[in-house]
Amino acid sequence: MMFRNILVPVDGSPLSMAAMRKAMALARESGAKTVALTVTEPFHTFSASPDQLEWTREQYDKHVGARAEEILHEVRQEASALGVTCDALHTAQDDPYEAIVHVARDHGCDLIAMASHGRRGLAAIVLGSVTTKVLTHTQVPVLVYR
């Protein structure tokens, strides 16, 4: 067995979901189980995010929770179709890379398989991508899909 437990971070972007499908295929070939993780930004009273300016905390939490469940539902369907065991997690964190690093450690993952970039756009270019931050802050091997 090559890997036993693969962390698959997803954000719902097309590249992220394509990477997820490849990671699930790898898990099937390796006989590994998977942990799928989606990370959303917590609500902030002071924010420049249009969603947070337009909605109350309850509306925002409901919206991002529903979107996270849609993403994780698609991941569960892919895992089920391939016969791969998958735990699906959603967490709120300002810095997604921190959640990814912590979940990988806390769940005993021996590989993180993720997309080279996600939906964070220009901010990711300026501040450094989540993938780059994961690569520099984890002790777990990282497989990056382009």
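Keep in mind the model is a prediction, meaning the values are calculated, not measured.

Asker: Mind showing me how you'd approach the packing of helix 4 (residues 96-106) against helix 6 (residues 130-137) here?
Answerer: Interhelical geometry of helix 4 versus helix 6 gives an angle of 40 degrees and a closest axis separation of 9 Å. With respect to helix 6, the element helix 4 is oriented oblique. The handedness of the crossing between helix 4 and helix 6 comes out as right-handed. Residues Pro96, Tyr97, Ile100 and Val101 of helix 4 form the contact with helix 6, whose participating residues are Val130, Lys133, Val134 and His137. When grouped by side-chain class, the residues that make up the contact of helix 4 with helix 6 number 6 nonpolar, 1 polar and 1 charged.

Asker: Would you mind going over the nonpolar core with me for this structure?
Answerer: Among soluble globular proteins, nonpolar side chains are generally buried collectively. Grouped together as the largest cluster of nonpolar side chains are 23 residues, with contacts concentrated most on Ile6, Val10, Met20, Met24 and Val75. Sorting the residues of this core by element identifies strand 1 (5-9), helix 1 (14-30), helix 3 (57-82) and strand 4 (111-115) as the ones contributing at least two each. Leave out the neighbours within four places in its chain, and Val10 touches Ser16, Met17, Met20, Leu37, Thr38, Val39, Ile71, Leu72 and Val75. Counting residues in hydrophobic clusters, the runner-up holds 15 residues, among them Leu37, Val103, Met114 and Val140.

Asker: Would you mind going over the pattern of salt bridges with me for this structure?
Answerer: Once their charged atoms are close, side chains differing in charge can pair, the charge on each being opposite to the other. In the structure shown here, the tally under the stated rule is 5 salt bridges. Residue Arg67 is joined to Glu70 by a salt bridge in which the shortest nitrogen-to-oxygen separation is 3.1 Å. Of this pair, Arg67 and Glu70 both sit in helix 3, 3 residues apart, which is roughly one turn of the helix. Using a relative accessible area of 37% as the deciding quantity, one classes Arg67 as partly exposed. Among the ionic pairs, Arg105 bridges to Asp106, the shortest N-O distance being 3.2 Å. Residue classification places Arg105 among the exposed residues on the basis of a relative accessible area of 52%.

Calculation rules
- Residues numbered from 1 in each chain as written.
- Predicted model: local features only at pLDDT ≥ 70, side-chain atom pairs only at ≥ 80, totals over all residues.
- Heavy atoms only, no water.
- Axes fitted to C-alpha atoms, helices over the stretch in contact; angles between N-to-C directions.
- Helix = DSSP H or I, 4+ residues; strand = E, 2+ residues; numbered from the N terminus.
- Parallel < 35°, antiparallel > 145°, perpendicular 65-115°, else oblique.
- Left-handed = near helix turned anticlockwise from the far one by under 90°.
- Contact = heavy atoms within 4.5 Å.
- Nonpolar A, V, L, I, M, F, W, Y, C, P; charged D, E, K, R; others polar.
- Core = buried A, V, L, I, M, F, W, Y, C linked by side-chain atoms within 4.5 Å.
- Buried < 20%, exposed > 50% of the residue type's maximum accessible area, 1.4 Å probe, protein only.
- Salt bridge = Lys/Arg side-chain N within 4 Å of Asp/Glu carboxyl O.

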